[in-house]
Amino acid sequence: MRQRRLMNQINVVPYIDVMLVLLVIFMVTAPMIQTGTINVPSAGQVSATPTEAIVIEVKADGALALRAATSGASRPVSNTEFQRAVSEALAKNAAQPFLVAADSKLPYQKVIDVLEAARNAGVQKISLQTQTSSASR
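Scoring rules and cut-offs
Per-chain numbering applies: the sequence of each chain, read as written, is numbered from 1 onward. Given that this is a predicted model, residues contribute local features only at a pLDDT of at least 70 and side-chain atom pairs are listed and counted only at 80 or more, while totals for whole chains, interfaces and linings are drawn from all residues. No hydrogens and no water enter the side-chain calculation; it runs on all heavy atoms of the structure. Secondary structure counts use DSSP, requiring at least four H or I residues in a row for a helix and at least two E residues in a row for a strand, with both numbered from the N terminus. Relative accessibility under 20% of the residue-type maximum defines a buried residue, over 50% an exposed one, and the middle range a partly exposed one, all with a 1.4 Å probe and only protein chains included. For the area figures, the Shrake-Rupley method with a 1.4 Å probe applies, and any residue is considered shielded solely by the protein chains shown. Here a cavity denotes a set of grid points, spaced 1 Å apart and computed over the protein atoms alone, in which a 1.4 Å probe fits but from which it cannot get out, and a pocket denotes an open set meeting protein on both sides within 12 Å along at least five of seven lines; residues with an atom within 4 Å of a point are reported as lining. Grid points are joined across faces, edges and corners, and a volume is the space filled by probe spheres set on the points. Note: two strands are recorded as paired if DSSP finds a minimum of 2 bridges between them. Angles here are taken between N-to-C directions and fall from 0 to 180 degrees, while the axes themselves are lines fitted to C-alpha atoms, restricted in helices to the stretch in contact. Residue contacts are defined here by distance: any two heavy atoms, one from each residue, within 4.5 Å place the two residues in contact. By salt bridge we mean one thing: a side-chain nitrogen of Lys or Arg within 4 Å of a carboxyl oxygen of Asp or Glu. Here, the term right-handed applies to a crossover whose path from the first strand over the helix to the second runs clockwise when the strands point away from the viewer. The patches reported here contain residues having more than 30% relative accessible area and no salt bridge. Joining distances are 9 Å for like charges and 5 Å for nonpolar side chains (Val, Leu, Ile, Met, Phe, Trp, Tyr).

The name given to the protein in an unreviewed UniProt entry is Protein TolR, with Thauera humireducens as the source organism.

This is how it looks when you write it as structure tokens:
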């Protein structure tokens, strides 16, 4: 007697049949699906214009400088002058935003130290300034 050889092929015809049935079901039910609407609350008029951020510049050597966003000139400050200047700005406006612009070659720990010093001075709104990759080339 001859032995039968095992067949090592998968019959995919039943899978194609199931797929086509599901496709027809989805095509019939898709137009019946209702789209939802989202009611977004509206905001009233802004009472005051938002203040411009004060930029904290951290140079490649770790030196600090402050620059108001409206003026283009930055003034170098020491660590104690930095704390005093930040405190004075917060005394004028408690919600004053700050922006940290650090040199890309600076060790990240220096940036964290500046962020921590600003938080210790009472800064609530602080962000990091970034640059697109095409602008740095």
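The discussion continues.
A. Broad picture of the overall build of the protein. Across its full length, the protein carries three helices and five strands. Its helices and strands in sequence order give the protein the pattern α-β-β-β-α-β-α-β, from N to C terminus. Per-residue burial for the protein yields a buried fraction of 20% across its 137 residues. For the protein, the computed accessible surface area is about 11600 Å², with 57% contributed by carbon and sulfur atoms.

B. Quick peek at the layout of surface pockets. Taken as a whole, the largest pocket holds about 330 Å³ of empty space. Lining the largest pocket are 12 residues, and of these Ala101, Ala102, Asp103, Ser104 and Gln129 sit closest to its centre. Where the lining of the largest pocket is concerned, the elements lending two or more residues are β4 (97-102) and α3 (108-121). The biggest single contributor to the lining of the largest pocket is β4, with three residues.

C. Looking closely at the sheet that holds β4. Taken in spatial order, the five strands make up an open sheet running β3-β2-β1-β4-β5, and their pairing is mixed. Two strands in the sheet have a free side with no partner beyond their single neighbour: β3 (75-77) and β5 (125-128). Adjacent strand axes in the sheet meet at a mean angle of 30 degrees when their direction is disregarded. Bridge count for strand β1 (residues 54-58) against strand β2 (residues 64-68) is five bridges, and the pairing is antiparallel. Each bridged residue has a counterpart across the sheet, and for Val55 the counterpart in β2 is Arg67. Of the strands in this sheet, β1, β2, β3 and β4 touch helix α2 (residues 79-92), which is tilted by about 115 degrees from β3.

D. Region of the structure containing the pattern of salt bridges. Going through the model one piece at a time under the given rule, you end up with three salt bridges. Measuring nitrogen to oxygen at the nearest pair gives 2.7 Å for the salt bridge that ties Arg67 to Glu57. You can see Arg67 sitting in strand β2 and its partner Glu57 sitting in strand β1, a full 10 residues away along the chain. Classification of Glu57 by relative accessible area gives buried; the value is 12%. Here the salt bridges share partners, and the residues they tie into one network are Glu57, Lys59 and Arg67.

E. Structural view of the pairing of β5. Both β4 and β5 contribute to a ladder of four bridges, which runs parallel. Note on β5: the bridge partner recorded for Val100 is Leu128. Crossover connection from β4 via α3 to parallel β5: handedness right-handed.

F. Representation of a nonpolar patch on the surface in the model. Together, Ile10, Val12, Tyr15, Ile16, Met19, Leu20, Leu23 and Met27 line one region of the surface with nonpolar side chains, adding up to about 870 Å² of accessible area. On the secondary structure map, Met27 appears in helix α1 (residues 13-29).

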